[in-house]
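If you want the building blocks of each chain, they are given just below.
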Amino acid sequence: GQSLEQPSEVTAVEGAIVQINCTYQTSGFYGLSWYQQHDGGAPTFLSYNALDGLEETGRFSSFLSRSDSYGYLLLQELQMKDSASYFCAVLSGYSTLTFGKGTMLLVSP
Amino acid sequence: DGGITQSPKYLFRKEGQNVTLSCEQNLNHDAMYWYRQDPGQGLRLIYYSQIVNDFQKGDIAEGYSVSREKKESFPLTVTSAQKNPTAFYLCASRSGGGDTGELFFGEGSRLTVL
């Protein structure tokens, strides 16, 4: 089976940097995705890592280490609108994405 | 604009009734998915389809059924056999042409069983 672990909640202040970690156990691993979901809304895609290393997209960066079965999402220059739930998800060989339980990020002034 | 349309957005049903949730996409994507989300939880895969007239069970398929008669459409039926159907249901699609972990989601359907 597949399993993903990520912290349930993270708090930070505006302007700060926060890192959300994700460890996974899976078979047929293709890559690791990150999604953002505001309360009551649809998840939106943030990033995808198929290879080891850091991918940067604006204020958000995502990292993957396949040998450690580990990845993280890094959010810089935090804004109030970044308060949301963040999910890591593994793309497996069956063309499906398995999601973690999500990390709720609370950004305070 | 291309996207995924789910309907209805809110749905109430009595115990013992079947209900069908609609999902339509105009992204020309091959793969479509249904996920269930419970409060404070992640997304759990119900069914997925990679091509027309073919679909596979996900992790929690019991009590649900789907069809894929057209590329654009992937309706989900929540049957009376589903013991705890109250949840937020999300439909998604993915281009089958590449190795990408990007799913496009609809706005969801929130089902409440009274």
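The structure displayed is predicted, hence computed values, not measured ones.

(A) Summary view of the interface of chain B and chain A. Of the residues lining the interface, 22 residues belong to chain B; the matching set on chain A comes to 20 residues. Counting each side, the surface lost to burial between chain B and chain A is near 1,600 Å², with a carbon and sulfur contribution of 55%. Of all residues in chain B, the largest losses of buried area upon contact with chain A belong to Leu43, Asp99 and Gly101 of chain B, amounting jointly to 28% of the total for that side. If you look at where chain B meets chain A, you find zero salt bridges. At the boundary of chain B with chain A, the tally comes to seven residue pairs in polar contact (both at pLDDT 80 or more). At the level of secondary structure, the elements contributing two or more residues to the side of chain B that touches chain A comprise strand E4 (31-37), strand E5 (43-51) and strand E9 (87-94) of chain B.

(B) Representation of the sheet that holds strand E6 (residues 53-57) of chain A within the structure. Residue and element names in this part refer to chain A. Pairing within the open sheet is antiparallel, and its five strands lie in the order E1-E3-E8-E7-E6. Of all the strands in the sheet, just strand E1 (3-5) and E6 have a single pairing partner and so form its edges. Ignoring strand direction, the axes of neighbouring strands in this sheet form an average angle of 20°. Bridge analysis of E6 against strand E7 (residues 60-65) gives five bridges, and the strand direction is antiparallel. Bridge pairing links glycine 53 to leucine 64 in E7.

(C) Structural view of the sheet that holds strand E3 (residues 19-25) of chain B. Residues and elements named next belong to chain B. Across the sheet, four strands lie side by side as E1-E3-E8-E7; this open sheet has antiparallel pairing. Two strands in the sheet have a free side with no partner beyond their single neighbour: strand E1 (4-7) and strand E7 (64-66). With strand direction ignored, the average angle separating the axes of adjacent strands in the sheet is 20°. Of the strand pairs in this sheet, E1 and E3 are connected by four bridges, and their pairing is antiparallel. Of the residues in E3, the one forming a bridge with glutamine 6 is cysteine 23.

(D) Layout of the packing of aromatic side chains. Applying the stated criterion to the full structure yields 14 aromatic pairs over all chains. Centre to centre, the rings of phenylalanine 99 of chain A and tyrosine 35 of chain B are 5.3 Å apart; their planes meet at 85°, and the pair counts as edge-to-face. Here phenylalanine 99 of chain A, found in strand E10 (residues 97-99), pairs with tyrosine 35 of chain B, found in strand E4, and the two come from separate chains. The exposure class of tyrosine 35 of chain B is buried, given its relative accessible area of 0%. An angle of 50° between the planes, with centres 6.2 Å apart, marks the rings of tyrosine 35 of chain B and phenylalanine 105 of chain B as tilted. Of the two residues, tyrosine 35 of chain B sits in strand E4 while phenylalanine 105 of chain B sits in strand E10 (residues 104-105), which places them 70 residues apart along the sequence. Each member of the pair, tyrosine 35 of chain B as well as phenylalanine 105 of chain B, carries the same accessibility label: buried. Its end group placed over the ring of phenylalanine 74 of chain B, arginine 68 of chain B keeps NZ or CZ at 6.0 Å from the ring centre. Lying over the aromatic face of phenylalanine 88 of chain B, arginine 110 of chain B brings its terminal NZ or CZ to 4.3 Å of the ring centre.

(E) Fine view of the state of the cysteines. Applying the stated criterion to the full structure yields two disulfides over all chains. Between cysteine 22 of chain A and cysteine 88 of chain A runs a disulfide, and the two sulfur atoms are separated by 2.2 Å. One quick way to see it: the torsion about the S-S bond of cysteine 22 of chain A and cysteine 88 of chain A is about 75°, and its sign makes the bridge right-handed. Of this pair, cysteine 22 of chain A sits in strand E3 (residues 18-25) while cysteine 88 of chain A sits in strand E9 (residues 84-92), placing them 66 residues apart in sequence. The residue that forms a disulfide with cysteine 23 of chain B is cysteine 91 of chain B, at a sulfur-sulfur distance of 1.9 Å. Disulfide cysteine 23 of chain B to cysteine 91 of chain B: torsion about the S-S bond roughly -75°, handedness left-handed. Of this pair, cysteine 23 of chain B sits in strand E3 while cysteine 91 of chain B sits in strand E9, and the two are 68 residues apart along the sequence.

(F) Region of the structure containing the pairing of E3 of chain A. Residue and element names in this part refer to chain A. Residue alternation in E3 divides its side chains into a buried set, Val18, Ile20, Cys22 and Tyr24, and an unburied set, Gln19, Asn21, Thr23 and Gln25. Summarising the sheet, E1 and E3 pair through three bridges and their orientation is antiparallel. Residue pairing for E3: serine 3 is matched across the bridge by glutamine 25. Pairing analysis gives six bridges linking E3 to strand E8 (residues 70-75), with the strands arranged antiparallel. Residue pairing for E8: glutamine 19 is matched across the bridge by leucine 74.

Quick notes on the rules
- Residues numbered from 1 in each chain as written.
- Chains lettered and ligands numbered in written order.
- Predicted model: local features only at pLDDT ≥ 70, side-chain atom pairs only at ≥ 80, totals over all residues.
- Heavy atoms only, no water.
- Contact = heavy atoms within 4.5 Å.
- Buried area = accessible area lost by both parts, 1.4 Å probe.
- Salt bridge = Lys/Arg side-chain N within 4 Å of Asp/Glu carboxyl O.
- Polar contact = N/O pair within 3.5 Å; in protein donor to acceptor, adjacent residues only side chain to side chain.
- Helix = DSSP H or I, 4+ residues; strand = E, 2+ residues; numbered from the N terminus.
- Pairing = 2+ DSSP bridges.
- Axes fitted to C-alpha atoms, helices over the stretch in contact; angles between N-to-C directions.
- Phe/Tyr/Trp six-rings, centres within 6.5 Å; stacked < 30°, edge-to-face > 60°.
- Buried < 20%, exposed > 50% of the residue type's maximum accessible area, 1.4 Å probe, protein only.
- Lys NZ or Arg CZ within 6 Å of the ring centre and 35° of its normal.
- Disulfide = S-S within 2.5 Å.

Read these as geometric descriptors, not functional statements.
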